[in-house]
Each structure stands twice: as structure tokens, then as C-alpha cells.
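Tertiary structure, described
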Amino acid sequence: MEINRLLNPADPQNVPRAIGIIRRLYEATQKESAISIAGNDPGKLKGFKSTSVMAQWAWSFLSPFIMISWDLNHQLEALSFAAHLTFVLYSKNRTSFLPAPLYHNIMVTIKNIFFSVPKQQLLDPDGDFYVCLCGTDGLEIVFSIIRTLTHDNNVDLLQLGHRYHASLTVNGVYGRHPDWNPGHRRLKMITDKSADHI
């Protein structure tokens with residue numbers, strides 16, 4: 001069954017599988033026939049409505065980052081919907097909906113994207129803006145270089161300073177010679193169907 005394939009407790013960190021669950025829940029709750037399954041049973045109807053709201057919320061926040069075929073207006077509309085729905089759900093349910101730090105992170109992420117768009121328009125009115133590039137991938141790459149420079153993954157403050165300097169040197173070399181960079185297998189998104197990193 002599809003749900004058993006998507007819910008694999010042996011691999012709880014599988015990002016593509018989590019995206020698949022969110023996508024399928026959203027698509028299932030958008031079908032006209034979906035509400036007829038709940039019928040007139042108040043318990044089933046309440047469960048369907050709750051699932052539908054959560055699927056809409058998760059998909060509206062996730063989709064702008066992985067639907068590379070969407071234009072910027074469509075992405076911003078989805079993020080605006082996500083911000084408003086997040087605020088309403090958090091206001092009503094507080095930490096039973098989301099932990100406070102996660103609520104803060106989601107709202108700050110959306111706010112930063114909305115501030116980055118006009119900033120980019122001022123800097124380069126004819127340039128493109130990609131929502132999927134707003135994130136911490138650059139920081140994650142530097143962190144991965146710091147952790148893999150030697151076999152000692154744990155560092156003290158002095159070592160961190162030295163390794164940070166070395167990671168900037170490595171990034172500089174990769175910038176001058178991109179063909180030398182082997183890349184990172186978990187930071188590649190070829191299509192919105194194969195999204196493996198947000």
C-alpha cells in the first residue's frame with residue numbers, strides 16, 4: 001500500500017519521502033471525492049478537516065521551495081498563505097500546533113523572503129530571484145567543509161577559527177575552478193519530483 005511505502009519508520013530522516021507524504025496528503029484533500037468519504041460522520045468529518053488544513057499549511061510552506069516551475073508571484077502567494085495560516089493556527093492552538101522556536105523560524109524565513117524580493121529588485125531590476133536559493137545551503141556547505149577537513153570532527157574555538165579560514169580558502173578555489181568541486185549529493189534539486197533538500 002502507498003501509505004506503508006511513504007511511512008518508513010526505519011528511515012525517519014528521508015526528506016524526499018516526507019515531501020511525498022505532504023504532496024499526496026495535499027492532493028488527496030483537494031479532490032471533490034475526498035470529502036464524500038467522510039460522509040455525515042462528525043468524527044470523520046472533523047478528522048478530514050483537520051488533515052486538510054494541516055496538508056494545506058504544510059504544502060503552502062513547502063511548495064515554493066521545491067516547485068521550480070512556479071513563477072515568483074505564485075511562490076509569494078503560497079508563502080503569504082502559509083504565513084497567515086501559520087499565524088492563525090498558532091494563535092488558536094499555541095504550542096500544541098508548533099513549538100515556539102519552530103513558529104518563529106517559519107515566520108522569519110517567510111519574512112526574509114518577502115524582504116529579499118524588493119532588495120533584489122533595487123540591486124538588479126532585470127535580475128532573477130529564486131526562492132529556493134533563500135536558505136542556509138551556503139552555511140551548510142562551509143560547515144561540511146569544516147567538519148571534513150580532518151578526521152577530527154569535533155573542534156574547539158581555536159580550531160574552528162583555523163578551519164573556518166581554511167574552508168573559505170577551499171570555497172575560493174572551488175569558485176575559481178568549479179569543475180574541481182565534486183558537489184554535495186544532498187544539495188541537488190533537478191526537478192520538483194526529486195526534491196531532496198529544502
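Residues numbered from 1 in each chain as written. Predicted model: local features only at pLDDT ≥ 70, side-chain atom pairs only at ≥ 80, totals over all residues. Heavy atoms only, no water.

1. Notes on the overall build of the protein
If you tally the helices and strands in the protein, you get eight helices and zero strands. Split into buried and exposed, the 198 residues of the protein put 26% on the buried side. Counted over contacts in the protein with a minimum sequence separation of 6, partners at least 24 positions apart contribute 49%. Split by element, the accessible area of the protein, about 13,700 Å² in all, is 61% carbon and sulfur. (Helix = DSSP H or I, 4+ residues; strand = E, 2+ residues; numbered from the N terminus. Buried < 20%, exposed > 50% of the residue type's maximum accessible area, 1.4 Å probe, protein only. Contact = heavy atoms within 4.5 Å. Areas by Shrake-Rupley, 256 points an atom, 1.4 Å probe, with all protein chains shown as cover.)

2. Some points on the side chain of S167
Within the secondary structure, S167 is located in helix α8 (residues 157–176). Its relative accessible area of 0% is what places S167 among the buried residues. In this view, S167 contacts V142, I145, I146 and L149; residues no more than four positions away in its chain are not counted.

3. Points about unusual backbone geometry
Among all residues save glycine, negative phi is the norm, and among peptide bonds the norm is trans. Its identity as a non-glycine residue notwithstanding, R94 has a phi of 50°, on the positive side. Following the sequence through the fold, R94 ends up in the loop between α5 (72–93) and α6 (100–123).

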